[in-house]
Amino acid sequence: MTEAVVAPERRAGVGDVLLDVRDLRTHFEVMDGTVKAVDGVSFSLRKGGRLALVGESGCGKSVTALSIMRLIDMPPGKFAGGEILFEGRNLLKLDDREIRKVRGGEIAMIFQEPMTSLNPVMTVGDQISEAVLLHQPVNRKGAQEVALQSLVDVGVPDPKRRVKQYPFELSGGMRQRIMIAMALSCNPKLIIADEPTTALDVTIQRQILELIKSVQERTGTALLLITHDLGVVAETVDEVAVMYAGRVVETGTVEEVLLNPRHPYTRGLLESIPSQGKKGQRLSAIKGVVPNPFRMPKGCKFEPRCPYAWEAGAEEEPPLIELGPDRTSRCWLYDRRYADHLADYEGRAQKKSAEVAS
Amino acid sequence: MDGAAAAAPTATPTASPTPGSTHEGNGRALIEIRDLKTYYPIKAGILRRTVGQVRAVDGVDFEVRRGEVFGLVGESGCGKTTLGRTIVRLEKATSGEVLLDGHDVLAFDGGDLKKMRRRMQVIFQDPVGSLNPRMPISDIIGEGLLAQADKQNGWGERKVRDKRVSDYLEVVGLRRDYTRRYPHEFSGGQRQRIGIARALALSPEFIFADEPVSALDVSIQSQILNLLIDLREQFDLTFLFVAHNLSVVQYISDRVGVMYLGKLVEMADVAELYAHPRHPYTIALLSAIPDPDPRVKSRRLVLTGDVPSPANPPSGCRFHTRCWLRRQLNNPENCEKEDPPFRELASGHRVACHWAESVVDAAVADVVPTVDVEVPTDLPTAADVGAPVVTEIETPSVVEMAEAEEDAAVAPEPVRPEEPPGPTAGRV
């Protein structure tokens, strides 16, 4: 595909780019064929920046995160193309020893389910110091001290007692704090948070979001947030990449993407969120379901569900078209040939938001 | 359709009640819940002696009116699902009454119980776990019909049953000929539609919907919500709608109850509750919802600590250990001593808080971005939203809290100071 359309100056490796994912393709060979879970994902993240990968289940956002961490089981998984440049090094080319240094040391990950991602038979202190011992020049005692300090940093009350406890003794929110403490303990340059608050209640989610934001601001660590919740996106990050069917379909700043979506899928997602203004009206749902990975549409992957679609999308998949600095959309609407369709899209979009407002 | 649903005497309900009035049913209670309690024993030791009780539902009073959607919100473990399950007799109540048209559901047995089951149906949360993977759809939906078969309806006959199954598949937007398929052949949204068809096939009057959209992606969630609203009109249904997502509850409900640790703490018409919440817990819940509109920047009220265990609830007001209002009022004594009554603050607006009168809308608007602040399409600035009213909500330091409550997690930082007038839509 014509990925070259993507903003060239962004690709030129501007000094402050920390993570640059280029046309990543992670496929899985299974009995029934090949699942192209990630098939052309490109985005980049600046040093200290905050970016969210948003999409619904099965869109490939978690596989993208696991690919960056090189945590994909191979087989059945395989990298079918693309590169992941982290400070200029292609993570996909590192050998096992090298990637282990990056993993946990330079890039840390917070998982969705804090119960299953903590070891149930190790104390909290031991789990954190395990990572510290691996990545930092300290002895066992020093590692325990780092562990204790990291618990203090994430606001765990009574940390001296907590380090000796096991995960089952902690609540969900507390476990997630431990996960964050663990991620922070080695001063990573990038934290990948995969649905960090999805398993939590709304008041606990609020605590954890505030914690992640304050920690991120304090340490200057870059944040890659994986989520399906556009509310969490709006409050936590500066930039967004929207994913659908293994592809990035739209990128831009939070304000631009959420207030002026330039891809029909993003627009559809936003319109289907129930909100105060929509009370008493039908929600505008996106028709149909996510395509079957074995029977992907030939052209644009969103075309069968798209209310604005015309022939172009059915025949050929659009490239990620550049709309401005750091602003892209994978939609034929933004090809100059289809300016009349774009006018129609914008007209209908305006009408819709006026309806909601009235 | 046919059967019992036709008994509902209400006019066709519409999905949009006018603020201030409840749903335009006749306002009569279909279900009345009186001082309902559901306790689970905690057993320990080799003799399995009961050493305590989990008070999942601990004295709840409310009514569900004919034709309305009553939304029940609260965090996990607050007892909202147990309450619903107790009402439809899927859990055994410890004490109290559930009146269906004046008859105590909890006292039913035998034939009465069976008749009641037909009138009260359930839509479950997990569209995977609630469908038997070894049964074709015709049996999954037909099972209930078979159990309720009698001479009149003829559901004992396979042909009649299968036709009805197909009819209801169509009603929920699936194809008639899906009857021979198995659950694994369907997507999550489709499975939830099957669960809805199963509930509807018996022509119930009342449906307890237990988190029916929580497991679904947002684009599918809106399809199911639309479907539920259509069905409610079409079949004159009354819903008890349990969910933890406050936006969903706001969208679909006519009246809303908020639960905390086994008790209702606030109840009002939906517009009233979301515009003028008076219980500090409700306000904290509303403040915690992440808003997908990036223009909305407000101070957030961060509740400290976790929900206490329902086996050992705090004394007095159960919320006092996490209550920001109590702290703001310098810890008045009655909060930890007296259990606040669930009293009527305004018509139809009930609150269980000693100090509900000290909450004013201006202070609420400061921490709940959408309260009384219109977000017109032509973009307010952050300054408009963040209102100049300064409330004195503070999160205590880590040390204070750790002393105050041993087992509580604590927000590490005080509530963020006023957001600077951040990026506004002017940039777009």
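Residues numbered from 1 in each chain as written. Chains lettered and ligands numbered in written order. Predicted model: local features only at pLDDT ≥ 70, side-chain atom pairs only at ≥ 80, totals over all residues.

Participant: Help me understand the overall build of chain B in this model?
Facilitator: Of regular secondary structure, chain B possesses 14 helices and 12 strands. Within chain B, the proportion of its 428 residues that are buried is 51%. Counting only contacts in chain B whose residues sit at least 6 apart along the sequence, the fraction spanning at least 24 positions is 68%. (Helix = DSSP H or I, 4+ residues; strand = E, 2+ residues; numbered from the N terminus. Buried ≥ 20, exposed ≤ 12 C-beta atoms within 10 Å, placed from the backbone. Contact = placed C-beta atoms within 7 Å.)

Participant: So what exactly am I meant to see when it comes to the overall build of chain A here?
Facilitator: When its secondary structure is counted, chain A shows 13 helices and 12 strands. Computed over the C-alpha atoms, the radius of gyration of chain A is 21 Å, within 12% of the 21 Å expected from 2.2 N^0.38 for a compact globule of 358 residues. Seen through its principal axes, chain A has C-alpha atoms that stretch 70 × 50 × 45 Å. Expressed as a percentage of its 358 residues, the buried residues of chain A come to 51%. (Rg over C-alpha atoms; globule rule 2.2 N^0.38 Å.)

Participant: What is the right way to look at the environment of Phe302(A) in this model?
Facilitator: Residue and element names in this part refer to chain A. In this structure, Phe302 sits in the loop between helix H11 (264–272) and helix H12 (311–315). For the pair Phe302 and Leu270, spaced 32 residues apart in sequence, the C-alpha separation works out to 16 Å. Setting aside anything within four residues of it in sequence, one finds Phe302 in contact with Tyr244, Val249, Pro264 and Tyr265.

Participant: Quick question: what am I supposed to make of the confidence of the model for chain B here?
Facilitator: Low pLDDT means the predicted atomic positions in that stretch should not be read closely. Residue and element names in this part refer to chain B. The predicted model of chain B has a mean per-residue pLDDT of 79, with 79% of residues at 70 or higher. In this model residues 1–25 is a low-confidence stretch, pLDDT under 50, and it forms 59 contacts with partners more than four residues away in sequence or in other chains. Low confidence marks residues 372–428, where pLDDT is under 50. Its contacts with residues over four positions away, or in another chain, come to 115 contacts. For this predicted complex, the interface score ipTM comes out at 0.80, while the overall pTM is 0.79. (pLDDT = per-residue confidence, 0-100.)

Participant: Please clarify how the nonpolar core should be interpreted in this entry.
Facilitator: Considering soluble globular proteins, one finds that nonpolar side chains tend to be buried as a cluster. Counting 110 residues, the largest nonpolar core has Ala197(B), Leu225(B), Leu240(B), Phe241(B), Ile252(B) and Val258(B) as the members making the most contacts within it. Take this core: its biggest share by element is six residues, from helix H9 (residues 280–288) of chain B. Each residue touching Phe241(B), except ones within four places of it in the same chain, is listed here: Val69(B), Phe70(B), Gly71(B), Leu72(B), Ala209(B), Val249(B), Ile252(B) and Ser253(B). Listed in part, the 93 residues of the second largest apolar core include Leu51(A), Phe111(A), Ala143(A) and Ala181(A). (Core = buried A, V, L, I, M, F, W, Y, C linked by C-beta atoms within 7 Å.)

Participant: How should the sheet that holds strand E5 (residues 89–90) of chain A be read in this particular structure?
Facilitator: Consider a sheet: its strands pair through backbone hydrogen bonds, and that pairing is either parallel or antiparallel. Residues and elements named next belong to chain A. Strand order in the open sheet made by the four strands is E2-E1-E4-E5, with antiparallel pairing throughout. Only two strands of the sheet have a single partner each, and these edge strands are strand E2 (33–46) and E5. Examined bridge by bridge, strand E4 (residues 77–86) and E5 share two bridges and lie antiparallel to one another. Bridge pairing in E5 places Phe86 opposite Arg89. (Pairing = 2+ DSSP bridges.)

Participant: Got a minute to help me understand helix H6 (residues 218–235) of chain B in this structure?
Facilitator: Helix length check: H6(B) (18 residues) gives 26 Å between terminal C-alpha atoms against 26 Å at 1.5 Å per residue, within 8%. Against the buried residues of H6(B) lie H11 of chain A together with strand E3 (69–73), helix H5 (188–200), strand E8 (238–242) and helix H7 (246–252) of chain B. Asp236(B), located one to two residues past H6(B), shows a positive phi value of around 55 degrees. (Expected span 1.5 Å × (residues − 1).)

Participant: What is the right way to read the environment of Leu184(A) from this model?
Facilitator: Residue and element names in this part refer to chain A. Structurally, Leu184 can be placed in helix H7 (residues 172–184). Exposure remark for Leu184: the 23 C-beta atoms within 10 Å place this residue in the buried category. Sequence separation between Leu184 and Arg70 is 114 residues; the distance between their C-alpha atoms is 19 Å. Once residues lying within four places of it in the same chain are set aside, the contact partners of Leu184 are Ser150, Asp153, Val215 and Thr219.

Participant: Looking at this structure, how should I read the pairing of E3(B)?
Facilitator: Regular strands show a simple pattern: their side chains alternate between the two faces of the sheet. Residue and element names in this part refer to chain B. Burial within E3 is extensive, with five of its five residues counted as buried. Neither face of E3 is exposed, since Val69, Gly71 and Val73 on one face and Phe70 and Leu72 on the opposite face are all buried. Of the pairings in the sheet, the one linking E3 to E8 comprises four bridges and is parallel in character. If you follow Val69 over to E8, its bridge partner there is Phe239.

Participant: Got a minute to help me understand the confidence of the model for chain A in this structure?
Facilitator: Residues with a pLDDT of 70 or more make up 94% of chain A, whose mean pLDDT is 85. In the model, residues 1–14 of chain A has pLDDT below 50 throughout and makes 23 contacts with residues more than four positions away in sequence or in other chains.

Participant: What am I meant to see in the sheet that holds strand E11 (residues 321–324) of chain A here?
Facilitator: Residue and element names in this part refer to chain A. Spatially, E6-E7-E8-E3-E9-E10-E12-E11 is the arrangement adopted by the eight strands of the open sheet, whose pairing is mixed. The strands lining the two open edges of the sheet, one partner per strand, are strand E6 (107–110) and E11. Strand-to-strand twist of the sheet, defined as the mean angle between neighbouring strand axes without regard to direction, takes the value 20 degrees. Relative to strand E7 (residues 190–194), E6 runs parallel, the two being bridged by four bridges. Within the sheet, the bridge partner assigned to Met109 lies in E7 and is Ile192. Relative to the sheet, H7 contacts E6 and E7, its axis offset from that of E6 by approximately 175 degrees. (Axes fitted to C-alpha atoms, helices over the stretch in contact; angles between N-to-C directions.)

Participant: Whenever I open this one, unusual backbone geometry confuses me. Can you help?
Facilitator: Most of the time, phi is negative for any residue but glycine, and the peptide bond is trans. Cis geometry marks the peptide bond from Met74(A) to Pro75(A); its omega dihedral reads -15 degrees. Along the polypeptide, Pro75(A) turns up in the loop between helix H2 (61–68) and E4. The omega torsion across Pro75(A) and Pro76(A) is 5 degrees, close enough to zero to call that bond cis. Even without glycine at this site, Asp326(A) takes up a positive phi of about 55 degrees. Structurally, Asp326(A) can be placed in the loop between E11 and strand E12 (327–329). Residue classification places Asp326(A) among the partly exposed positions, given that 17 C-beta atoms sit within 10 Å. The phi dihedral of Leu261(B) falls on the positive side, at around 45 degrees, and the residue is not glycine. Relative to the elements of secondary structure, Leu261(B) occurs in the loop between strand E9 (255–260) and strand E10 (263–269).

Participant: Help me out: how do you make sense of helix H3 (residues 137–147) of chain B in this one?
Facilitator: Along an α-helix, residues three or four positions apart point the same way, because every turn accommodates 3.6 residues. Here H3(B) has its buried residues at Ile137(B), Ser138(B), Ile140(B), Ile141(B), Gly142(B) and Leu145(B). Contacts made by the buried residues of H3(B) are with helix H4 (158–171) and H5 of chain B.

Participant: Would you take a moment to explain the pairing of strand E2 (residues 49–65) of chain B for this structure?
Facilitator: All names here are of chain B. Sheet analysis places strand E1 (residues 29–44) next to E2, joined by 13 bridges and oriented antiparallel. Each residue of the ladder has a partner; that of Glu32, found in E2, is Glu63. Between E1 and E2, which pair antiparallel and follow one another directly, the connecting turn spans four residues, one of which, Gly45, has a positive phi of 80 degrees.

Participant: I tried to follow the packing of H3(B) against H4(B) on my own but got confused; where do I start?
Facilitator: Between two packed helices, the angle of one axis relative to the other and the distance separating the axes together describe the packing. Residues and elements named next belong to chain B. In contact at an axis separation of 9 Å, H3 and H4 are set at 115 degrees when each is read in the N-to-C sense. Looking at the two axes, H3 sits roughly perpendicular to H4. Seen along the crossing, H3 lies across H4 with a hand that is right-handed. Contacts from Ile137, Ser138, Ile141, Gly142, Leu145 and Leu146 of H3 reach H4 at Arg161, Asp162, Arg164, Val165 and Tyr168. Among the residues forming the contact of H3 with H4, the class breakdown is six nonpolar, two polar and three charged. (Parallel < 35°, antiparallel > 145°, perpendicular 65-115°, else oblique. Left-handed = near helix turned anticlockwise from the far one by under 90°. Nonpolar A, V, L, I, M, F, W, Y, C, P; charged D, E, K, R; others polar.)

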